[in-house]
Amino acid sequence: VQLQAFGGGLVQAGGSLRLSCATSGFSFDDYCLGWFRQAPGREREFVASVTWSGGRTYYADSVKGRFTISRDTSKNTVYLQMNTLKTEDTAVYYCALEDGSGGYYPRMSTKYDYWGQGTLVTVSS
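Residues numbered from 1 in each chain as written. Predicted model: local features only at pLDDT ≥ 70, side-chain atom pairs only at ≥ 80, totals over all residues. Heavy atoms only, no water.

Colleague: So what's going on with the nonpolar core? Residues and values would help.
Modeller: By size, the foremost hydrophobic cluster in this structure holds 35 residues, and its most contacted members are W35, L80, M82 and Y93. The leading source of residues in this core is strand β9 (residues 91–98), at 5 residues. Once residues lying within four places of it in the same chain are set aside, the contact partners of Y93 are L19, W35, F36, R37, V47, F67, L80, M82, G118, T119 and V121. (Core = buried A, V, L, I, M, F, W, Y, C linked by side-chain atoms within 4.5 Å. Buried < 20%, exposed > 50% of the residue type's maximum accessible area, 1.4 Å probe, protein only. Helix = DSSP H or I, 4+ residues; strand = E, 2+ residues; numbered from the N terminus. Contact = heavy atoms within 4.5 Å.)

This is the structure in structure tokens:
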């Protein structure tokens, strides 16, 4: 299983950025793809997730209304559109896959089975 996240960068507060996570190397019947982030000195936290077959989405309260997760099933890619960025959104963003073998826990990082390498998002004031 391979997850490759990209699209991070430096943006001013109030700006937008779109992250992508390309997936390959598996053939699960269904799964959940999530975005998590980790800021310096803080624990990794849930951002958003989407179930692949049904497209059901989940969001952290801190990003609801500003971030949108989506998927392109033809490209096996999940996106995170981030709008109205704040300085507190600065973090390394990771995409992860939960294969559902133990049930689905779309907000729990410990339940995800595979992780990408992370992409840095820096929001300046």
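Still more to cover.
Colleague: Which residues make up unusual backbone geometry, and what values do they have?
Modeller: The backbone phi angle of N76 is positive, close to 50 degrees, even though this residue is not glycine. Note on placement: N76 falls in the loop between β7 (67–72) and β8 (77–82). Although it is not a glycine, T84 adopts a positive phi angle of roughly 45 degrees. In this fold, T84 is placed in the loop between β8 and β9.

Colleague: So what about the sheet that holds strand β3 (residues 17–24)? Which residues, and what values?
Modeller: Strand order in the open sheet made by the 4 strands is β1-β3-β8-β7, with antiparallel pairing throughout. Only two strands of the sheet have a single neighbouring strand rather than two, namely β1 (2–6) and β7. Adjacent strand axes in the sheet meet at a mean angle of 15 degrees when their direction is disregarded. Two strands pair when backbone bridges link them, and β1 and β3 are joined in this way by 5 bridges, in the antiparallel orientation. (Pairing = 2+ DSSP bridges. Axes fitted to C-alpha atoms, helices over the stretch in contact; angles between N-to-C directions.)

Colleague: Could you give me a rundown of the pattern of salt bridges, with the residues and numbers involved?
Modeller: Side chains that differ in sign of charge can pair as their charged atoms come close. Tallied over the entire structure, the rule returns 4 salt bridges. The closest approach of N and O atoms between D89 and R37, which form a salt bridge, is 2.9 Å. Within this pair, whereas D89 is found in the loop between β8 and β9, its partner R37 is found in strand β4 (residues 32–38), the two being separated by 52 residues in sequence. Note that D61 and K64 form a salt bridge whose closest N and O atoms lie 3.3 Å from each other. Overall, the relative accessible area of 66% leaves D61 in the exposed class. (Salt bridge = Lys/Arg side-chain N within 4 Å of Asp/Glu carboxyl O.)

Colleague: If you had to explain the environment of W115 to someone new, which residues and values would you point to?
Modeller: By the element assignment, W115 lies in strand β10 (residues 114–115). Using a relative accessible area of 29% as the deciding quantity, one classes W115 as partly exposed. Distance in space between the C-alpha atoms of W115 and Y93 is 11 Å, their sequence separation being 22 residues.

Colleague: Summarise the state of the cysteines; cite the residues concerned and give the values.
Modeller: Disulfide: a covalent bond connecting the sulfur atoms of a pair of cysteines. Under the definition given, this model contains 1 disulfide. A sulfur-sulfur distance of 2.1 Å marks the disulfide that ties C21 to C95. On the S-S bond that ties C21 to C95, the torsion sits near 60 degrees, and the link is right-handed. Residue C21 is found in strand β3, and its partner C95 is found in strand β9; the two are separated by 74 residues along the sequence. We classify C21 as buried; its relative accessible area is 0%. Among the residues examined, C95 registers a relative accessible area of 0% and is labelled buried. Summary of cysteine pairing: C32 is not part of a disulfide, and the nearest cysteine sulfur, belonging to C21, is at 12 Å. (Disulfide = S-S within 2.5 Å.)

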